[in-house]
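One-letter residues, chain by chain:
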Amino acid sequence: MTVYFIGAGPGAPDLITVRGLRLIERCPVCLYAGSLVPEEIVKAAPEDARVRDTAPMHLDDIIAEIEKAHGEGKDVARVHSGDPSIYGAIAEQMRRLDALDIPYEVVPGVPAFAAAAARLKSELTLPEIAQTVIVTRTEMKASSMPEFETLEILGKSRATLAIHLSIRNLTHIREVLTPYYGEDCPVVIAYRATWPDELFIRTTLKDMAEEVRKAKVTRTALILVGKVFGHAEFRDSDLYSPEFSHVLRNAGKKNKVKAAGG
């Protein structure tokens, strides 16, 4: 018996990994985060599977369900949204399973920030504009931020920011980041990226709070901040430059492509 922590991806049912879907299709027990995991994914579970939405459950309840499945020798598909390694609250579950000697595996998924970038047709790292992506959140109700991970400290990097779980903290974000990014820095509010009702608000640090208020977005949104979202001029990367060599290509030499059949 094994518990599989599966990342269901950002929302579109076909963005789950092949491995994750196949596990859901065969596991006789499916525990899923109902508020964020698409119904179509859960419907892939076997007809006679025990399927439970964990949104209204406490940690003890979830572990009790897993213990029951363990006693019955049944594999469990524990389905989380996005990628379970990012704000997935899987560490506390795995700690409990370690104590109970219940085996488990983790299956990665497409994280929300990557899905949003794809839908925006944006690259989060551009030469000489930004080469770092910081995935973070701000301090709100759930838990405090570590001392050296405050937005005041991270903002000094001027990196591309993917700020989770903070849509109601926009005034604070603007005040903290403006000295480093400037009030005209591009911002994208990504609401339910890849879902049928997805919404993207292109704005700036200065105007984002007002734009979000107008759109009445209050939850399930990602805040993307950075110069990469503007119409910035940037140079081509060295990766495909004829003057740049690597193990598969010599500098200054054009690769010869042999025609099919020739």
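Quick caveat: nothing in here was measured; it's all calculated off a predicted structure.

Cut-offs applied
- Starting from 1, residues in each chain are numbered consecutively following that chain's sequence as written.
- For this predicted model, a pLDDT threshold of at least 70 governs which residues receive local features, and a threshold of 80 or more governs which side-chain atom pairs are given and counted, while totals over whole chains, interfaces and linings are taken from all residues.
- With hydrogens and water stripped out, all remaining heavy atoms of the structure feed into the side-chain values.
- Secondary structure elements follow DSSP: runs of H or I of four or more residues count as helices, runs of E of two or more count as strands, with numbering from the N terminus.
- Only protein chains enter the calculation, and the probe is 1.4 Å; a residue is then buried if its accessible area is under 20% of its type maximum, exposed if over 50%, and partly exposed in between.
- The contact rule is simple, with two residues in contact once any of their heavy atoms fall within 4.5 Å.
- Surface accessibility follows the Shrake-Rupley procedure with a 1.4 Å probe radius. Residue values consider only the protein chains on display as shielding.
- We count Lys and Arg on the positive side and Asp and Glu on the negative side, and we leave His and both chain ends out.
- In plain terms, the charge of a residue is placed at NZ if it is Lys, CZ if Arg, CG if Asp and CD if Glu.
- Each pair of aromatic rings taken from Phe, Tyr and Trp, with Trp reduced to its six-membered ring, is defined by centres within 6.5 Å and is described as stacked if the planes are under 30 degrees apart, edge-to-face if over 60, and tilted in the remaining cases.
- Note on criteria: charge over ring means Lys NZ or Arg CZ within 6 Å of the ring centre, with the direction from the centre no more than 35 degrees off the ring normal.
- We define a nonpolar core as any set of buried Ala, Val, Leu, Ile, Met, Phe, Trp, Tyr and Cys residues linked to one another through side-chain atoms lying within 4.5 Å.
- Within this analysis, the arc is defined by the directions that extend from the helix axis to the C-beta atoms.
- Note that patches include only residues with greater than 30% relative accessible area and no salt bridge, and the join distances are 9 Å for like charges and 5 Å for nonpolar side chains (Val, Leu, Ile, Met, Phe, Trp, Tyr).
- Whenever a carboxyl oxygen of Asp or Glu lies within 4 Å of a side-chain nitrogen of Lys or Arg, that contact is scored as a salt bridge.
- Convention adopted: a line fitted to C-alpha atoms gives each axis, helices being fitted over their contacting stretch, and angles between N-to-C directions are expressed from 0 to 180 degrees.
- Throughout this description, any angle smaller than 35 degrees is read as roughly parallel, any larger than 145 degrees as roughly antiparallel, any in the 65 to 115 degree range as roughly perpendicular, and the remainder as oblique.
- Two helices cross in a left-handed way if the nearer one is turned anticlockwise from the farther one by less than a right angle. They cross in a right-handed way if the turn is clockwise.
- As a working rule, the residues Ala, Val, Leu, Ile, Met, Phe, Trp, Tyr, Cys and Pro are called nonpolar, Asp, Glu, Lys and Arg charged, and the rest polar, with Gly in that last group.
- Strand pairing follows a simple DSSP-based rule, namely that at least 2 bridges must link the two strands.

Chemist: Could you clarify how one ought to interpret the overall build of the protein chain in this entry?
Modeler: The number of helices and strands found in the protein chain is eight helices and ten strands. With the C-alpha coordinates aligned to their principal axes, the bounding extent of the protein chain is approximately 60 × 60 × 35 Å. Across the 262 residues in the protein chain, those meeting the buried criterion constitute 42%. The contacts of the protein chain with a sequence gap of at least 6 include a subset with a gap of at least 24, amounting to 66%. If you sum the accessible surface of the protein chain, you get close to 15,000 Å²; carbon and sulfur atoms cover 51% of it. Put simply, the protein chain has 33 plus and 36 minus side-chain charges, and the middle of one group is 5 Å from the middle of the other.

Chemist: Whenever I open this one, the packing of aromatic side chains confuses me. Can you help?
Modeler: Any aromatic ring pair is given by two values, namely how distant the centres are and how the planes are angled relative to each other. Considering all chains together, one arrives at one aromatic pair under this definition. Plain terms: the ring middles of phenylalanine 5 and tyrosine 104 are 6.0 Å apart, the flat faces sit at 80 degrees to each other, and that makes the pair edge-to-face. Taken together, the residues phenylalanine 5 in strand S1 (residues 3-7) and tyrosine 104 in strand S5 (residues 104-107) connect sequence positions 99 residues apart. Overall, phenylalanine 5 belongs to the buried group, its relative accessible area being 0%. The ring of tryptophan 195 is capped by arginine 192, whose NZ or CZ atom sits 4.1 Å from the centre of that ring.

Chemist: I would appreciate a short explanation of the nonpolar core in the present structure.
Modeler: Generally speaking, a soluble globular protein has its nonpolar side chains buried in company with each other. Residues Ile173, Leu177, Leu205, Ile223 and Val225 are the most contacted members of the largest nonpolar core, which totals 23 residues. It is helix H7 (residues 170-181) that contributes the most residues to this core, five residues altogether. For isoleucine 223, the residues in contact, after removing those within four places along its chain, are Leu161, Ala162, Ile163, Ser166, Ile167, Leu170, Ile173, Val187, Val188 and Ile189. Ranked by size, the runner-up nonpolar core spans 18 residues in total, among them Ile6, Cys27, Tyr32 and Ala33.

Chemist: Just to check I follow, could you spell out helix H4 (residues 90-100) for this structure?
Modeler: Given 3.6 residues per helical turn, the α-helix brings residues three or four places apart onto the same face. Taken together, the buried positions of H4 are Ile90, Gln93, Met94 and Leu97. Along the long axis of H4, the arc covered by the buried residues comes to 95 degrees, so they all point the same way. For H4, the exposed residues set more than 90 degrees away from the buried face come down to Ala91, Arg95 and Ala99. Packing partners of the buried residues in H4 comprise S1, helix H3 (59-72), strand S4 (76-80) and S5. One or two steps after H4, the chain reaches aspartate 101, where phi turns positive at roughly 60 degrees.

Chemist: What exactly am I supposed to notice about a nonpolar patch on the surface here?
Modeler: On the surface, a cluster of nonpolar side chains totalling about 320 Å² of accessible area is made up of Tyr87, Val133, Val135 and Leu165. By secondary structure assignment, the location of valine 135 is in strand S6 (residues 133-137).

Chemist: What is the right way to look at the packing of H3 against H4 in this model?
Modeler: The packing of two helices is summarised by the inter-axis angle and the distance between the axes. In contact at an axis separation of 11 Å, H3 and H4 are set at 45 degrees when each is read in the N-to-C sense. Between H3 and H4, the angle falls in the class oblique. In the packing of H3 onto H4, the handedness of the crossing is right-handed. Contacts from Leu59, Asp60, Ile62, Ile63, Ile66 and Glu67 in H3 reach Glu92, Gln93, Arg96, Leu97 and Leu100 in H4. In terms of residue class, the contact of H3 with H4 is built from six nonpolar, one polar and four charged.

Chemist: Can you walk me through the sheet that holds S1 in this structure?
Modeler: Adjacent strands of a sheet pair through backbone hydrogen bonds, lying either parallel or antiparallel. Spatial strand order, S3-S2-S4-S1-S5: five strands in an open sheet with parallel pairing. Looking at the sheet topology across the chains shown, the edges are occupied by strand S3 (50-53) and S5. Strand-to-strand, the axes of this sheet are offset by a mean angle of 15 degrees, without reference to chain direction. Bridge analysis of S1 against S4 gives five bridges, and the strand direction is parallel.

Chemist: Mind showing me how you'd approach the pairing of S4 here?
Modeler: On a regular strand, each side chain points to the face opposite its neighbour's, so the side chains alternate between the two faces of the sheet. In terms of burial, S4 is largely enclosed, as five of its five residues are buried. Neither face of S4 is open: one carries Val76, Arg78 and His80, the other Ala77 and Val79, and all of them are buried. Judged from the four bridges that link them, strand S2 (residues 29-32) and S4 form a sheet pairing that is parallel. Bridged to tyrosine 32 within S4 is valine 79.

Chemist: Is there a simple way to explain the pattern of salt bridges in this structure?
Modeler: Two side chains of opposite charge can pair, provided their charged atoms sit close to one another. As enumerated under the stated definition, the model contains ten salt bridges in all. Across the pair arginine 119 and glutamate 198 runs a salt bridge whose closest N-O atoms are separated by 2.4 Å. Note that arginine 119 is positioned in helix H5 (residues 112-120) and glutamate 198 in the loop between strand S8 (186-191) and strand S9 (199-204), a separation of 79 residues in sequence. Classification of arginine 119 as partly exposed rests on a relative accessible area of 47%. Each member of the salt-bridge network shares a partner with another, and the members are Arg50, Arg52, Glu65, Glu72 and Lys74.

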